[in-house]
Amino acid sequence: MMLRNRGRLLVCSLLSAACSSSTSTLDARGPAAERIAELWWLMTALAALIFVALIVFLVPTLRQRAEGGAGQSHHKTWLWTTIGISALILTIVFIASERTMAAVHNVAHEEDVLIRVKAWQWWWAVTYDLSGSTDTVVTANEIHIPTGRRVRLELTSGDVIHSLWVPNLQGKVDLVPGRVHALRLQAERPGVSRAPCAEYCGVQHAHMTLLVVAHTQAEFDAWLARERLPASPPTDSLRNAGAALFGRSCAYCHMVRGTGSLGKLGPDLTHFASRRMLAAGTLENSPEHLATWLLEPQRVKPGTRMPTVPLDAPELAAVVAYVAGLR
C-alpha cells in the first residue's frame, strides 16, 4: 500500500510539473505555444485511442487464436482494418503538424520589436534594435519582451551550432554560424520562461540557459529606459577601488558602457546586477556566487572561457562590490 501511494504521488508530481513549468510546452504563454500544445494533446488523444483499440480488438483475437477459432479470413480483416486506421491517423497527424508548423514559424509580417541574439560557447549575446534611436541596448543571457506584442528574433552563432528553444512560447530553431534565422515570439501574460540550448554544443551545453522575461508594456518601457543608460558611477571608496581593478583585470573581455571598459570577448556587464542569473543560468546572481565565479570559474563551469581572476581577499571584495552595483 505504501509503495502504491508513493507511486501515485510520483505520477501526480510529474504531471503537475509538466503542466506548469518555465520549460513546459503544456504551460503555453503565447499563441505559438498554444498551437504546439494543441498538437501535443491531439497526438496524445490519438495514441490513447490506438492503445484502447488494440486492447479491445487484440485480446479477443488472441483468445480465439489460442482456442483455435480464428480463421484466415479473420486475420486478413484485422490486418487491413489496422492498416486503414493507421493510414488515417498518420494523415491526420501529418496535416495537423503541417498547419502547426506554418502557424508558429510564420515571420512574414512585420514585428513590433526586433532583437538580435548571437550564441557563443556557452552564453547568449542579446542586442535590441531600437528603430529611430542611436542608442545601443546590449545585454546577455536574458531577453525582455512586452506582452501582447510580436517580437522578431534574428538568430545566429559565433562558433558552433546552437539551438534556441522557448517551450512556453515557441518551438526550436537552430543558430548556425554564418546564417541568420528568424523566430517570432509573443507572450500573452507576464512571466519568466527558460530557454535552454537544445543542440549539443560542447562540455557546458547543459549550462547554457537563456531567460525570456515577459513584462507589461509599462514595465518593459521602464526596463528599456534603464538599459539605455550607461553604468552608474561608483559612489564610495570600495566601489571606486573595484572599478580601477576591473579596468585592469576585466576590461579586455567585458564592456561597461560609460567607462573605459570596452571588451567584446565576453558578455556586456553594464547592468549586470539587474540580471537574475550569472554564467548563463549556472548560478543565481548574488555577491557570494559572483565571488565564487571570479575565483573558481573552472570549478563552477568546467571548460568555460572565463579565466580565473587573480585577486586577494580585499581586491575580490572591491571588484564584487563594483560589479554588484552595476544596475
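Just so it is clear, the model here is predicted, and its values are computed rather than measured.

## Points about the sheet that holds strand E4 (residues 142-146)
Right, so step 1: With respect to topology, 3 strands assemble into an open sheet ordered E4-E10-E9, the strand pairing being mixed. Every other strand in the sheet has two partners, leaving E4 and strand E9 (191-196) as the edge strands with one partner each. Strand-to-strand twist across the sheet, computed as the mean angle between neighbouring axes with direction ignored, equals 20°.
Right, so step 2: With 6 bridges connecting them, E9 and strand E10 (residues 209-215) associate as antiparallel partners. Note that in E10 the partner of Ala195 across the bridge is Leu210.
Right, so step 3: Each of E4 and E10 is contacted by helix H4 (residues 217-228), which is oriented at about 135° to E4, the strand it contacts most.

## Comments concerning the pairing of strand E3 (residues 137-140)
When a strand is regular, its side chains alternate between the sheet's two faces.
Right, so step 1: Burial along E3 is two-sided: Val137 and Thr139 facing one way and Val138 and Ala140 facing the other are all buried.
Right, so step 2: Judged from the 4 bridges that link them, strand E2 (residues 123-129) and E3 form a sheet pairing that is antiparallel. Bridge assignment links Thr127 to a residue of E3, and that residue is Val138.

## Notes on the packing of helix H6 (residues 287-295) against helix H8 (residues 313-324)
Right, so step 1: Look at H6 against H8: their axes get within 10 Å of each other, and the N-to-C directions meet at 125°. Accordingly, the angle class assigned to the pair H6 and H8 is oblique. In the crossing of H6 with H8, the sense of the turn from one axis to the other is right-handed. Taking contact as the criterion, the partners of Pro287, Leu290, Ala291, Leu294 and Leu295 in H6 are, on H8, Leu316, Val319, Val320, Val323 and Ala324.
Right, so step 2: Of the residues belonging to the contact of H6 with H8, the class tally is 10 nonpolar, no polar and no charged.

## Examining the nonpolar core
The nonpolar side chains of soluble globular proteins are, as a tendency, buried together.
Right, so step 1: Counting residues in hydrophobic clusters, the biggest one holds 33 residues, and the most contacted among them are Ile115, Trp124, Tyr128, Ile143, Ile145, Leu153 and Leu164.
Right, so step 2: Elements with a minimum of two residues in this core: strand E1 (113-120), E2, E4, strand E5 (151-157), strand E7 (172-175), strand E8 (181-185), E10 and H4.
Right, so step 3: Here the element with the most residues in this core is E1; it accounts for 4 residues.
Right, so step 4: In contact with Ile145, other than residues within four places in its own chain, are Ile115, Val151, Leu169, Ala187, Val212, Val213, Ala214, His215 and Phe220.
Right, so step 5: Counting residues in hydrophobic clusters, the runner-up holds 25 residues, among them Phe246, Leu269, Ala318 and Val320.

## Points about the sheet that holds E8
Right, so step 1: Ordered in space as E3-E2-E1-E5-E8, the 5 strands form an open sheet in which the pairing is mixed. Of all strands in the sheet, those with a lone pairing partner are E3 and E8, marking the two edges. Strand-to-strand twist of the sheet, defined as the mean angle between neighbouring strand axes without regard to direction, takes the value 25°.
Right, so step 2: Along the sheet face, H4 touches E2 and E3 and points at about 100° away from the line of E3.

About the cut-offs
Residues numbered from 1 in each chain as written. Predicted model: local features only at pLDDT ≥ 70, side-chain atom pairs only at ≥ 80, totals over all residues. Heavy atoms only, no water. Pairing = 2+ DSSP bridges. Helix = DSSP H or I, 4+ residues; strand = E, 2+ residues; numbered from the N terminus. Axes fitted to C-alpha atoms, helices over the stretch in contact; angles between N-to-C directions. Contact = heavy atoms within 4.5 Å. Buried < 20%, exposed > 50% of the residue type's maximum accessible area, 1.4 Å probe, protein only. Parallel < 35°, antiparallel > 145°, perpendicular 65-115°, else oblique. Left-handed = near helix turned anticlockwise from the far one by under 90°. Nonpolar A, V, L, I, M, F, W, Y, C, P; charged D, E, K, R; others polar. Core = buried A, V, L, I, M, F, W, Y, C linked by side-chain atoms within 4.5 Å.

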